[in-house]
Amino acid sequence: LTDTDYIVLLHFAELVGDMKPGRRVFDVLIDGRQVLGRYDIVARTGGPFRGTVEAVRVAVSGGRMDIELCKSQDAEFVPLINGIELIAQHVVSAR
């Protein structure tokens, strides 16, 4: 990755038809910083098969971005993400 600021779009949709709130809960960390805490897709969207997008601004240095999904201890199911988009906010050319 180019060292610059990015808008990171995290796409979520629960794909298990009988999923209820509280069964899949997780944290999202980017470069070790929690950007979403106790995230519950079904609670956020109102049910399965409904999508949502969360936007987060991230500064990249060192040409790398690490995204982690960490299951909450009380959750039954592992984390789920359906897509990740990176939108560079500005690119400085190397001259």
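Further up the page is the structure itself.
Residues numbered from 1 in each chain as written. Predicted model: local features only at pLDDT ≥ 70, side-chain atom pairs only at ≥ 80, totals over all residues. Heavy atoms only, no water.

### Things to note about the sheet that holds strand β2 (residues 25-30)
Hydrogen bonding along the main chain pairs the strands of a sheet, whether they run parallel or antiparallel.
Step number 1: Strand order in the open sheet made by the three strands is β3-β2-β5, with antiparallel pairing throughout. The sheet is open, and its two edges are formed by β3 (33-40) and β5 (67-71), each paired on a single side. Within this sheet the neighbouring strands show an average axis-to-axis angle of 20°, counted without direction.
Step number 2: Here five bridges tie β2 to β5, and the two strands are oriented antiparallel to one another. (Pairing = 2+ DSSP bridges. Helix = DSSP H or I, 4+ residues; strand = E, 2+ residues; numbered from the N terminus. Axes fitted to C-alpha atoms, helices over the stretch in contact; angles between N-to-C directions.)

### Some remarks on a nonpolar patch on the surface
Step number 1: A cluster of nonpolar side chains, namely Leu1, Ile67, Ile84 and Leu86, defines an oily patch on the protein surface of about 320 Å² accessible area.
Step number 2: Within the fold, Ile84 resides in strand β6 (residues 83-88).
Step number 3: Given a relative accessible area of 45%, Ile84 falls into the partly exposed group. (Patch = residues over 30% accessible without salt bridge, like charges linked within 9 Å, V, L, I, M, F, W, Y side chains within 5 Å. Areas by Shrake-Rupley, 256 points an atom, 1.4 Å probe, with all protein chains shown as cover. Salt bridge = Lys/Arg side-chain N within 4 Å of Asp/Glu carboxyl O. Buried < 20%, exposed > 50% of the residue type's maximum accessible area, 1.4 Å probe, protein only.)

### A closer look at the pattern of salt bridges
Step number 1: For the structure on display, the rule yields five salt bridges.
Step number 2: A salt bridge links Arg23 to Glu76; the shortest N-O distance between them is 3.2 Å. With Arg23 in the loop between β1 (5-13) and β2 and Glu76 in the loop between β5 and β6, this residue pair connects regions lying 53 residues apart in the sequence.
Step number 3: Residue classification places Arg23 among the partly exposed residues on the basis of a relative accessible area of 23%.
Step number 4: Among the residues examined, Glu76 registers a relative accessible area of 53% and is labelled exposed.
Step number 5: Of the charged contacts in the structure, one is a salt bridge between Asp74 and Arg38, with a shortest N-O distance of 3.2 Å. A residue pair is termed long-range when its members are at least 10 positions apart, and Asp74 in the loop between β5 and β6 and Arg38 in strand β3 qualify at 36 residues.
Step number 6: Judged by relative accessible area, Asp74 falls into the exposed class, the value being 52%.

### Here we look at the side chain of Ser72
Step number 1: Along the chain, the position of Ser72 falls in the loop between β5 and β6.
Step number 2: Given the relative accessible area of 8%, Ser72 is considered buried.

### Comments concerning the sheet that holds β6
Step number 1: Strands sit in the order β4-β1-β6 across an open sheet of three strands; the sheet is antiparallel. Single-partner strands in this sheet number two, and they are β4 (51-59) and β6. Direction aside, the axes of adjacent strands within the sheet are offset by 20° on average.

In short, the description is geometric, and any link to function would need to be established separately.
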